[in-house]
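A structural walkthrough
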Amino acid sequence: MTIDQSLPSQRVSDLIDITAGEISREIFVDEAIHKQELENLFPRAWLFVGHASQVPNPGDYFSSWMGSDPVLLTRDDRGEIYVLLNSCRHRGMKVCRYDEGNTMQFTCPYHAWSYSIDGSLVDVPGDLHGVPHLKSAYQGQLEKAKWGLVRCPRVHNYKGLVFATWDEQAPDFLDYVGDFHWWLDNLADAFDGTEGGTEVFHGVLKWRIKSNWKFVSENFLGDTYHGASTHASVEAVGIGPGGKGKRRHGERQNQGGFSKGRMKTSFRLGHGASDNLDYELPYPEFAEPELTEYFEHAWNKRAEKLRAEGRPLGGRGPATMFPNMSFAAGFPRSILVAHPISPTETEVWRWFLVDKDAPDFVREWLRQYYMRYGGPAGMTEQDDMENWDYATNASRGVVARRYPYNYQQGLDREQPSELDRAVHSDHAIAGEVNARAFYRRWAEYVDNLSQQELTERAQVDERIDRIKERQAKSAAELEGQA
Amino acid sequence: MRVASDLAKCQGYGNCVAIDERHFDLDDDGLVVVREEHVTQEERDTADEAIRSCPVAAIWLEDVR
Ligand code: SF4
Ligand code: FES
Ligand SMILES: [Fe+2]
């Protein structure tokens, strides 16, 4: 399938001027561009599908989406994880219409073709295992091996976080992620630093917003600028760990966006985080002393473990792994995927994570906190959704579309980073460097550069050269003054 | 043990026949026919596999009363 050629061919990179810090509104509202995203970006990027703890046993499945396609995350009889296209090979019926469950076979509701994930019955889980009236309908000749559920060729289980891509040519997952993996580690590891010590807590919250999916990615990627205005009322209510008068993520007043030494981190590969690895933010003080004690213990254990490994303690996000997996690895600890529905509609899924060995009183506290914080009824989430909905709506107009958005914060003020092909903002709150890098990467995918070109382009981060030039220039100026 | 079947459930997938021809066959309508009810100890594994392979659980083993 290729893009409808009747559309005026346009390169989306022409709509993005990261040197001037201007991005056209078209990329947030235009049908044709949305279609190009679905064709060229989502099937070629690594996407978050679900968590291994959602399918712990043989036969477990979880229904998810990868871009425009419904998929099933399954575990076969040998414990292997698969990602299968949830669409019958006969007439395309959604073979499984449940959100999650356990079965060794998916029998299509339409004409009952039956697919098995039992490796003792079929060669590869997902294969077609039977069709009604095989003898009379196909004279026994149907080549079952050819008509199994479409299997996602590349699946990577990173400490329980399951990612997949449809593209055989895509880089290995670890190359795709690069040094951004430190943020994924903090998401997947337990609060006390135990590797992969987390699991999904209860179900997944799902809801739709009348907004472009990129608003969600961009917000988590490093938009700390919106906090003070957008979330003012939430802060006034005091929904955080410390209760009234305390902040919603549990930071002390001199921490978080207000702290010294905090910078955003932006990767050439498109990923971004609102913080940096050297920025340590200990777990909060709670209104309940037993929680403070529990988390203090966890923090000390983690600090000891990580320091022994020579690993910095920061990197909690909020962050976005390109293109549409956002998360925060602290309070709350939650994954949020923005599934594209149309240019102006997005289905948001929120997973919450909890330490596998967390005692009941901690789970119960987190459950309450997660509910008042996130999801369609959570207060922080409502604040953000309101903005994204109205921003999308007010950007669709004929006149509105003539005027680009402004992404000029921190232009040419990027700071060097010790991480591979990454730079930092020069301020904790101001700085749109992350968004500029995200949209540049986005355009490279949507303009359908080959995987090889994508890799080559991201081989160098010319922002680092610019920083060096700037430093050399100011050093020369200083010398001139002397 | 003996084989039992439920023709109301059978959809004629024919999986059972492909695995265990001794006990199962298809009739002219493509539905299952039990050729041989009795399952010996040696035949047990094959019969079990055939039964597990039926997508609609139309066949099973029962004790001989
Ligand atoms: S496998 Fe089941 S459905 Fe198919 S023919 Fe045998 S009994 Fe009938
Ligand atoms: S659409 Fe699935 S069996 Fe026909
Ligand atoms: Fe927000």
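The rules behind each value
- Residues numbered from 1 in each chain as written.
- Chains lettered and ligands numbered in written order.
- Predicted model: local features only at pLDDT ≥ 70, side-chain atom pairs only at ≥ 80, totals over all residues.
- Heavy atoms only, no water.
- UniProt positions renumbered as here; feature names shortened; annotations may be inferred.
- Helix = DSSP H or I, 4+ residues; strand = E, 2+ residues; numbered from the N terminus.
- Buried < 20%, exposed > 50% of the residue type's maximum accessible area, 1.4 Å probe, protein only.
- Contact = heavy atoms within 4.5 Å.
- Areas by Shrake-Rupley, 256 points an atom, 1.4 Å probe, with all protein chains shown as cover.
- Lys, Arg positive; Asp, Glu negative; His and termini not counted.
- Charge placed at Lys NZ, Arg CZ, Asp CG, Glu CD.
- Donors = N, O, S within 2.8 Å, 3.2 Å for Na, K, Ca; no water.
- Tetrahedral: all angles 85-135°; square planar, octahedral: opposite > 155°, others 65-115°.
- Near = heavy atom within 4 Å.
- 1 Å grid on protein atoms, 1.4 Å probe; cavity = no way out; pocket = protein on both sides within 12 Å on 5 of 7 lines; lining within 4 Å.
- Sits in = over half its atoms within 2 Å of the grid points.
- pLDDT = per-residue confidence, 0-100.

- An unreviewed UniProt entry annotates chain B as Ferredoxin of Prauserella flavalba.
- A UniProt comment under Cofactor (unreviewed entry) is attached to chain B, and it reads "[3Fe-4S] cluster".

- Within an unreviewed UniProt entry, the label attached to chain A reads Ribosomal subunit interface protein, and the organism entered is Prauserella flavalba.
- Word for word, the UniProt comment on chain A under Sequence similarities (unreviewed entry) is "Belongs to the bacterial ring-hydroxylating dioxygenase alpha subunit family."

1. A look at the overall build of chain A
- For chain A, the helix and strand inventory stands at 14 helices and 23 strands.
- For chain A, the spread of C-alpha atoms along the three principal axes comes to 90 × 60 × 40 Å.
- Looking at chain A as a whole, 56% of its 482 residues are labelled buried.
- Counted over contacts in chain A with a minimum sequence separation of 6, partners at least 24 positions apart contribute 66%.
- On chain A, roughly 20700 Å² of surface is accessible, and the fraction owed to carbon and sulfur atoms is 50%.
- Averaged over its 55 positive side-chain charges, chain A has a centre that lies 3 Å from the centre of its 71 negative ones.

2. A short note on the side chain of A:Arg436
Residues and elements named next belong to chain A.
- Mapping Arg 436 onto the fold places it in helix H12 (residues 433–446).
- Accessibility expressed as a relative area gives 4% for Arg 436, which makes it buried.
- Excluding residues within four positions of it along the chain, Arg 436 makes contact with Ile 18, Tyr 407, Gln 408, Gln 409, Gly 410, Leu 411 and Glu 414.

3. Regarding the coordination of the iron ion (ligand 3)
- At 2.1 to 2.4 Å from the iron ion (ligand 3) lie its protein donor atoms, namely A:His226 (NE2), A:His231 (NE2), A:Asp384 (OD) and A:Asp384 (OD).
- Seen from the iron ion (ligand 3), its four donor atoms lie at angles of 57 to 142°, and the figure they make is irregular.

4. Overview of the site of ligand 1
- Around ligand 1 lies a shell of 13 residues, among which B:Cys10, B:Tyr13, B:Gly14, B:Cys16 and B:Cys54 are the nearest.
- Here ligand 1 is seated within the second largest cavity.

5. Quick look at the confidence of the model for chain A
- Averaged over all residues, the pLDDT of chain A equals 93, while 96% of them reach at least 70.
- pLDDT under 50 marks residues 1–7 of chain A. Its contacts with residues more than four places away, or in other chains, come to seven contacts.

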